[in-house]
Amino acid sequence: MRALSATFASLAFAAMLALAAPAMALGPDEILDDPALEERAREVSKGLRCLVCQNQSIDDSDAPLARDLRTLVRERIEAGDSNDQVVEFVVDRYGDFVLLRPPVNAYTIMLWVAPTLVLIAGATGLALALRRRRIAANAPTAAALSAEEEAALEKILERERG
Amino acid sequence: MLIEAGHFALALALGLSVVQFLVPLWGARANDATLMSVGPPAAIGVFALVLFSFGVLTFAYATSDFSIVNVVANSHSQKPFIYKLTGVWGNHEGSMLLWIVILALFGALVAVARNAVPPKLRANTIAMQGLVTIAFLLFLLITSNPFERLSPAPFEGQDLNPFLQDPGLAIHPPLLYIGYVGFSITFAFAMAALIEGKIDAVWARAVRPWTLTAWGFLTLGIAMGSYWAYYELGWGGWWFWDPVENASLMPWLVGTALIHSTIVMEKRDALKVWTILLAILTFSLSLLGTFLVRSGVLTSVHAFAVDPDRGLFILGILIFFIGGSLALFAWRAPMLKQGGIFAPVSREGALVLNNLFLTTACATVFIGTLYPLALESLTGAKISVGAPFFNATFLPIVVPLLLLLPFGQVIAWKRGDVAGITSRLYVAAGLAILATIAVYAVTFGGPVLAPLGIGLGVFLVLGAFNEVATRARQGGSGGLAHAAKRALGLPRSTWGTVLAHAGVGITVIGVAATAWSVERIVSMTPGDVQPIAGYEARLEGVFPRTLHNYNEDVARFTLLHDGREVGRLETMKRIYPARGMATTEAGLRTFGFSQVYISFGEIQPDGSLGVRLYYKPWILLIWIGSVIMALGAALALTDRRYRVGAPVRAKGGPRESGPRERGSPTRRPAAGGATSAVPAE
């Protein structure tokens, strides 16, 4: 399937190249002079989705739109915004879709709790099954023998010992 | 004419696979050996026919027969010959045909394998494989005919997608498909068991070689895809949590669980129903992957085969097989006899825990991949689920699993004791902690979590070999030579386990080490020297070059270390005129397990060249670990218990040193098993 994914990625890539002058994933001309600010810009960029790509962050993407967003992020950071303010600024314009890490809200609560729920449900199911099996395995030996059978068994065992 | 013969062979194969499905199934039902014996020749015949058809398509590609739509759309007369051949599966129709070839190959292999499979089980399995083949042949013939003609034939083809013209992606699909489709045999075995209503250790033993084969190839396929993404996409990442990557990871996770649960079934006759369910799930996830990728639901803008008919057809196949198998499961599974029981702290318990974590990890990937689709279709709300989500949810499930892994390997069957386990692992754990501290000390001020990751990897590797060391020592006195002899005398399946688990540890180390990778984004002119993590890269020049079916700009670098030249590398930006597409070929230079990675950027406004320079310490361990995992599977396959054609059981079994390896399922209740509280060696 990776081959196919490659095809998708490349088709997207091709579309971009056809549409505009090829741009690279973050070029040297975009980088801020202040390394601390640049590092923050990278961090913010890694969490923002390139809207025209398949699950790529704007930091990784070659798309011109991603470049525009990277520039926007750097402008906001240079203007003195905090990381959260930058993200808020972008989300206000493009919606939650732009966040690669979906926010926890009514729509996504199931997404976030599902893994834990699956684990708990699985563990509970296992514990119950194990218990049931042990009870089932122990039960017949304890309950299935009548008094006569017990006596017969005792007789056999006597003989064995003797 | 030949082309039509290839097409016709597919139709014949369809007819024959109906025979392969119906006759042995009926034979097994009626207990008729003659009818059952129709299965193997039919399966071999189907394979021969689809192989012929595949050969015809390959011939058409090799000779650039542009009277075929598929060849026109995906080939070019100037393309390097090797990519003409691999172009056969670089498109929807051809890759589907490859899929069917492998499907039929596995059916034929079951037909000719001489390992001890009861005749009814074999007949039903071959029949079920026939059913799967029918479905996919119908799909190919009705919606995706690879032999469709085009008139008038154009003089030149439209070329293969340049991204696929790469050695990595040339061999990646066959590896991956053998993995995916290999699980169809496990599925067929599971269906056969349900039809017959009988499942036991013999079943587990019959299935295990196939599961191991499929898993090994899937591991290689995923690793190959990951390495390809690393060097081709140009920014040095190796896993992107891309939906299509996830589609291959899901069957891998459940397949891994399946391998482990089959062990429990083979050795202890337990977990039968669960194993059947896993077998169904693994293949269902393979089918789901096919559907997701080919229907275009995930990638609505740019899919391989955006064709609603195809999507609907695959959805139909998906519903038929998943729904049908689960229905059969629900009906038949309660009738299967439950097997041996065990204490929570035991090898079985550990393997159950392994299954719990692996299936939860798979569920997490599943939910993360499909949730946005479901949410959008239900509420219209659009969200993205990307790497940050998966890192936050997947890792907390996988890390505990990895931490527990070495414990699982030393725990006894039926009932283990915590004290004994701890005493066997303290050396490995101590060394792992020492390694962590050492890494912290050396890289002080660097990443905080990564040294723990290295420690975990070391623990996994040492834990894996710990088993061999312990068992070798248990031969009593006799010195090192004796111990080594004992170690080498351990069954190959034990060594397979050791290798596979050590491979996991090595991959973990490689992943953790990515935290120390160095990236520099700079612009350079010829003669410029840029430092990168102890090395220096000098740009020698940029020049154009025309080769085969592309033009490229080449940037040539010399790498220096302490002023001395240590290597050269080239990075290219290629333009494929036939499609007007560009690709970047990263320049790689390997030093030990580490790589210097340089990627061609853009010509800057001032005429200099934008360049990305990376130093990736120990990055190769990620894929070396994966290859070692696959080697582990291969080694386990050669264990005489599974060897095709070998006697079922080793004579007397002096090589097999304990109840763990003897594989004799005991049906005694736990009370009787309390005596084996000593570690089963």
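Residues numbered from 1 in each chain as written. Chains lettered and ligands numbered in written order. Predicted model: local features only at pLDDT ≥ 70, side-chain atom pairs only at ≥ 80, totals over all residues.

Draft legend 1. Examining the confidence of the model for chain B more closely. Residues and elements named next belong to chain B. Averaged over all residues, the pLDDT of chain B is 86; the fraction at 70 or higher stands at 91%. Predicted confidence in chain B is weakest over helix α21 (residues 670-673), with a mean pLDDT of 35, and strongest over helix α3 (residues 39-62), with 97. Throughout residues 300-305 the model reports pLDDT below 50, and contacts reaching past four residues in sequence, or to other chains, amount to 15 contacts. Under a pLDDT of 50 for its full length, residues 645-681 has, in the predicted model, 59 contacts with residues more than four places off or in other chains. What the predictor reports for the complex is a pTM of 0.87 with an ipTM of 0.81. (pLDDT = per-residue confidence, 0-100. Helix = DSSP H or I, 4+ residues; strand = E, 2+ residues; numbered from the N terminus. Contact = placed C-beta atoms within 7 Å.)

Draft legend 2. Structural context of the domain arrangement of chain B. Residue and element names in this part refer to chain B. Domains assigned within chain B are domain 1 (1-165), domain 2 (195-334 + 350-369), domain 3 (395-514 + 624-644) and domain 4 (518-616). One C-alpha centre belongs to domain 1, the other to domain 2, and the line joining them spans 22 Å. Opposite the 13 residues of domain 1 that make contact, domain 2 presents 15 residues. If you tally residues by element for the side of domain 1 that touches domain 2, the top one is helix α7 (residues 119-143), at seven residues. (Domains from an automatic or database assignment.)

Draft legend 3. Up close: the environment of Leu271 of chain B. All names here are of chain B. Here Leu271 is to be found in the loop between α10 (243-268) and α11 (272-295). Separated by 188 residues in sequence, Leu271 and Phe459 have C-alpha atoms that sit 29 Å apart. Beyond its immediate sequence surroundings of up to four residues, Leu271 is in contact with Ser261, Val264 and Met265.

Draft legend 4. Quick look at helix α19 (residues 620-637) of chain B. End to end, α19 of chain B covers 26 Å across 18 residues, agreeing with the expected 26 Å (1.5 Å per residue, within 8%). Extensive coverage of α19 of chain B is indicated by the burial of 13 of its 18 residues. (Expected span 1.5 Å × (residues − 1). Buried ≥ 20, exposed ≤ 12 C-beta atoms within 10 Å, placed from the backbone.)

Draft legend 5. Spatial organisation of the packing of helix α6 (residues 92-112) of chain B against α7 of chain B. All names here are of chain B. Packing of α6 against α7 brings their axes to within 10 Å, and their N-to-C directions diverge by 165°. When the axis of α6 is compared with that of α7, the two are roughly antiparallel. In the crossing of α6 with α7, the sense of the turn from one axis to the other is left-handed. Across the interface between the two elements, Met96, Leu97, Trp99, Ile100, Leu103, Ala104, Phe106, Gly107, Val110 and Ala111 from α6 touch Arg122, Thr125, Ile126, Gln129, Gly130, Val132, Thr133, Phe136, Leu137 and Leu140 from α7. Taken together, the residues of the contact of α6 with α7 break down into 14 nonpolar, five polar and one charged. (Axes fitted to C-alpha atoms, helices over the stretch in contact; angles between N-to-C directions. Parallel < 35°, antiparallel > 145°, perpendicular 65-115°, else oblique. Left-handed = near helix turned anticlockwise from the far one by under 90°. Nonpolar A, V, L, I, M, F, W, Y, C, P; charged D, E, K, R; others polar.)

Draft legend 6. Expanded view of the pairing of strand β8 (residues 594-603) of chain B. All names here are of chain B. Counting buried residues along β8, eight of its 10 residues qualify, which places the element largely inside the surrounding structure. Where strand β7 (residues 587-591) lies against β8, five bridges are found, and the strand directions are antiparallel. Within β8, the position partnered with Leu588 by the bridge is Tyr597. Where β7 folds back on β8, the antiparallel hairpin that results is connected by two residues, among which Gly592 adopts a positive phi of roughly 65°. Of the strand pairs in this sheet, β8 and strand β9 (residues 609-616) are connected by seven bridges, and their pairing is antiparallel. The residue bridging Phe600 from the neighbouring strand is Val611, located in β9. Hairpin connection of β8 to β9: five residues between the antiparallel strands, including Gly607 at a positive phi of 90°. (Pairing = 2+ DSSP bridges.)

Draft legend 7. Structural detail: the sheet that holds strand β5 (residues 564-576) of chain B. Residue and element names in this part refer to chain B. Pairing within the open sheet is antiparallel, and its five strands lie in the order β2-β3-β4-β5-β6. Single-partner strands in this sheet number two, and they are β2 (529-532) and β6 (581-585). With direction set aside, neighbouring strand axes in the sheet form an average angle of 25°. Sheet topology places strand β4 (residues 550-561) next to β5; 11 bridges connect them, and they run antiparallel. Opposite Phe557, over in β5, you have Leu569 as the bridge partner.

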